[in-house]
Structure formats: structure tokens, C-alpha cells
Amino acid sequence: MLSWGFFVAIQMFMTASSLSINLTAIANNWRLLNQQSATAETAAVVKANAYGLGAAQISSALWQAGCRCFFVAHLEEAAELRSVLPEAEIHVLNGLTSDPTDYLGLEIQPILNSLDQIALWSKHDPGTRCFIHIDTGMARLGLDAEETEDLVDNPDLLKGLKQPWLMSHLASAEEADNLENDLQLEQIAQVKRQLGLPTCFANSSGIFLGPDYHFELLRPGVALYGANPTPGKPNPMQTVVSLTCPIIQIRDIPKGQPVGYNGTWRADTVKRIATVPLGYADGFARTHSSDNQQARTHLYWQGQAVPVVGRVSMDLVTLDITEIKAPAPQVGDALELLGPNQSLDQLAASCGTIGYEILTSLGRRYARTYID
Ligand SMILES: *Cc1c(COP(=O)(O)O)cnc(C)c1O
């Protein structure tokens, strides 16, 4: 039998990577978004396992905060959510893609993305709110211009639906000055006038384009999870995710020593290198690798930026800690990837992506801790 001393020693030595998710911050973020409109209801988009953070925990926290309407992408995601939230309204963005009874049995609502889907669902309509997606400029999902015109000319196509609503999705909401936003707004507002239906339009950034964009229901996703919906301006959202990873080895290397795969980074003088168990299999993209001698991405130690050097490998990354001021980091000390020193958006910018992709990639291998 192993003694307790053994466990204590191992624990002191091997600080694990820690992905922590603050549910109070998520609830506060939902309330803040909800306060942006005096009248509109606020839903929550929890597709892709709540942007990778855990749909069950996050949706429960949102329900407790007062959210009653949830959007996911797939029927399977909706079915999982139904087991967590028996009373919630659940809508499937990808639409009516399998047998209507698959949705009806779980009281799940497909978004209706075409006239065919409207016709099929009308035969089964359970009488609950359902959304008709009007494509106003993304050319991705929803009724295209021709189908929309048909619908406007023949509003009877909706007579089989007791509670039809309209929805549409902005292509460039985070670019506040993009004229496409105005064009999409004009289009959905026109269809709304013609059909006289309540409407759901704004995603996270859309909410901050102003009251014209709010209509009757807001549909935020990424801002709930702490990303900045107003790029270029201070982030109004609270930080939700923090991720720290321990140093598992430190070595001093001589001038000229290459580091990592293909030796793309070389010590130009004596260097001290720290190795951390964070790799592309953890969702830390290989594009965070240094551009030869030039670091793109940093982790943080006591507020100091620690540059990633060499290539990110599957399970590991190497960092140059030579210049880090006292107290020097030791094996077992945790470096911050996400947290007070580095936001989602900053990390995303360092490797040419967006906070959404950071969120949905990170944490595949970490234990997650939920903080209330
Ligand atoms: C993902 C998604 C959202 C949420 O967008 P955010 O930018 O994350 O707020 C809203 N509507 C649709 C149709 C989506 O696909």
C-alpha cells in the first residue's frame, strides 16, 4: 500500500493543468446582455457543448439566472440539453434535418430553414414558438430571397403554425461600421412589417449595435463566455475562463542549441527553457509556434509575459524563461494561458483566429472546474 506521504509528495510536485469556468460570471454576463434591451427577452446559444465549456453546467446556471430559451446547432445537442433542462425551450439552428417525430418526442423545436421545412413542420406543429430563418445576407441557412418573397406573397404558407417567429443572422455584427449590418437590418425589418411577426435577430455583437437591432428576442453566444462583443472598445463582459499549466521540466541550454521539432528556434545565447504540458492535442494550435526566432504567443508568470519558442508539439510547448525576473518560475509552478493577464481575444489574435475557435478547441484533455 502507498503511504499518504507518497500522495502528498506527488501532489506537490505535479500541479495539474487547470481549466476553470466561472458560472457566476456567465450568469452575470447573461444579465448584462439582458439589460441592454428594456423589452426584449434574452435567449442563450449553447451549441457545441456551450462553446466547449460544458453545456449541462452552463445551461443550468443560465436557467437559474432566468434564461428560458436555448439554441443549439444539432438535434443530438438538443436531446442532451433536454435531459438537463426539462422545461426549457430548445431550438435547433441547423433545422429540420431528420424525422419530425424525433423533435416532437423531446419537445424540441427545429428552426425552419426553407419553405419545405415549413410545410413539413406545419403537419406536426405542437403549437409552441417556432422560428422561420430568413437569410438576409449570409447565404448559409434560411429562406433565400426567392423563398422569402414567396412567403411574403403567400402568408397562408404559415397558417399551419400557431406561433411563428422570424429570425435572421448578422454576418458582420462585430464590425460596428460595416454597412452590411444596416442592409441586413432593413431586410429583416421589411419582412417583419410584411408578415407582422415577432423577430429574433441580434447575436452577441448585434446586441451592441443598438436598439434597432433588438426586436423581441436576443440570441447571444460568445459574449456569455467572456469574449468581447465590441472589438476595439473595452470588454463589457466578465472573464469566464481561466487556464493555467504547470512547468514539468526546466533546462539551461548553450548558445546555438535548437529547441523543438525542426529546430526552428535557436538559443542566440545561453538560455533557460521551461516545458509545459500543453500541445495541439489540447487545442493549443500549432500556429502558436514561434515564427523562427520571433514569438507569437505568450503565457504569463506573475504578470510577466513568457514567450513560446519553437514549435508547439502534440502534448508540449517550450517557453523561454531566461529573462523572467525573480521570483523565477520553478518546476511545478503554473503559467497562465488564459486569465487576468491574457484574454480570450488576445490569445486568439496571437495566432490569427477568433475567441470562438479558442473556446471550442481548448480543454479537450483537461479536468474542468466549475466555480459558482
Ligand atoms: C452561433 C450563432 C449565434 C451566436 O452568435 P455569437 O456571435 O456567439 O453571439 C447566433 N445565431 C446563430 C444563427 C448562430 O449560428
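In this report, the structure presented in the accompanying data block is examined. (Residues numbered from 1 in each chain as written. Predicted model: local features only at pLDDT ≥ 70, side-chain atom pairs only at ≥ 80, totals over all residues. Heavy atoms only, no water.)

Focus: empty space enclosed by the protein
Over the atoms, a rolling probe the size of a water molecule traces out where space has been left empty. Put simply, the rule reads: Two kinds of site are reported from a 1 Å grid over the protein atoms alone, namely cavities, where a 1.4 Å probe fits but cannot get out, and pockets, open sets with protein on both sides within 12 Å along at least five of seven lines, and residues are called lining when an atom falls within 4 Å of a point. Grid points are joined across faces, edges and corners, and a volume is the space filled by probe spheres set on the points. Throughout, the ten residues Ala, Val, Leu, Ile, Met, Phe, Trp, Tyr, Cys and Pro are labelled nonpolar, Asp, Glu, Lys and Arg are labelled charged, and all others, Gly among them, are labelled polar.
Counted under the stated rule, the structure contains two cavities of 30 Å³ or more. Space inside the largest cavity adds up to approximately 50 Å³. As for the largest cavity, its lining consists of H133, I134, D135, T136, G137, M138, R140, L141, S168 and H169. Looking at the lining of the largest cavity residue by residue, the classes come out as three nonpolar, five polar and two charged. Here the second largest cavity defines a volume of roughly 40 Å³.

Topic: the site of the ligand
The test is simple: Nearness here has a simple test: a residue counts as near a molecule or strand if at least one of its heavy atoms is within 4 Å of that partner. Definition of a polar contact: a pair of N or O atoms within 3.5 Å, with one able to donate and the other able to accept a hydrogen when the atoms are protein atoms, and with sequence-neighbouring residues admitted only if both atoms are side-chain atoms. Exposure was quantified through the Shrake-Rupley algorithm and a 1.4 Å probe, taking into account, for residues, occlusion by the shown protein chains and nothing else. Molecules are considered to sit inside a cavity or pocket once more than half of their atoms lie within 2 Å of its grid points.
Around the ligand, a shell composed of 13 residues is seen, among which K47, Y51, S204, V222 and Y356 lie nearest. In this structure, K47 approaches the ligand through a side-chain N or O atom, which is 2.7 Å from an oxygen atom. Measuring from a nitrogen atom of the ligand, one finds a side-chain N or O atom of R219 at 2.9 Å. Computed on the free molecule, the ligand has an accessible area of 390 Å², of which 93% lies beneath the protein chains in the complex. Comparing atom positions with the cavity grids shows the ligand to sit within the largest pocket. Residues of the shell around the ligand, tallied by class, amount to six nonpolar, four polar and three charged.

Some words on the pairing of strand 1 (residues 18-22)
To keep things clear, this is the line we draw: One requirement defines pairing of two strands: DSSP has to find at least two bridges between them. Helical segments are the DSSP runs of H or I of at least four residues, strand segments are the runs of E of at least two, and each set is numbered from the N terminus.
Sheet topology places strand 1 next to strand 11 (residues 241-246); four bridges connect them, and they run antiparallel. Bridged to S20 within strand 11 is S242. Across four bridges, the pairing between strand 1 and strand 20 (residues 368-371) is parallel. The partner of N22 across the bridge, within strand 20, is I371.

Focus: helix 4 (residues 55-65)
Selection rule: In this scheme, a residue with accessible area under 20% of its type's maximum is buried, one over 50% is exposed, and one in between is partly exposed, where area comes from a 1.4 Å probe on protein chains only. By definition, the arc is the one covered by directions from the helix axis to the C-beta atoms.
Of the positions making up helix 4, those classed as buried are A55, I58, S59, A61, L62 and A65. The buried residues of helix 4 occupy an angular sector of 160 degrees when projected down its axis, which confines them to one face. Positive phi appears at G66, one or two residues downstream of helix 4, with a value of about 120 degrees.

Fair warning: the whole summary comes from geometry, so function is off the table for now.
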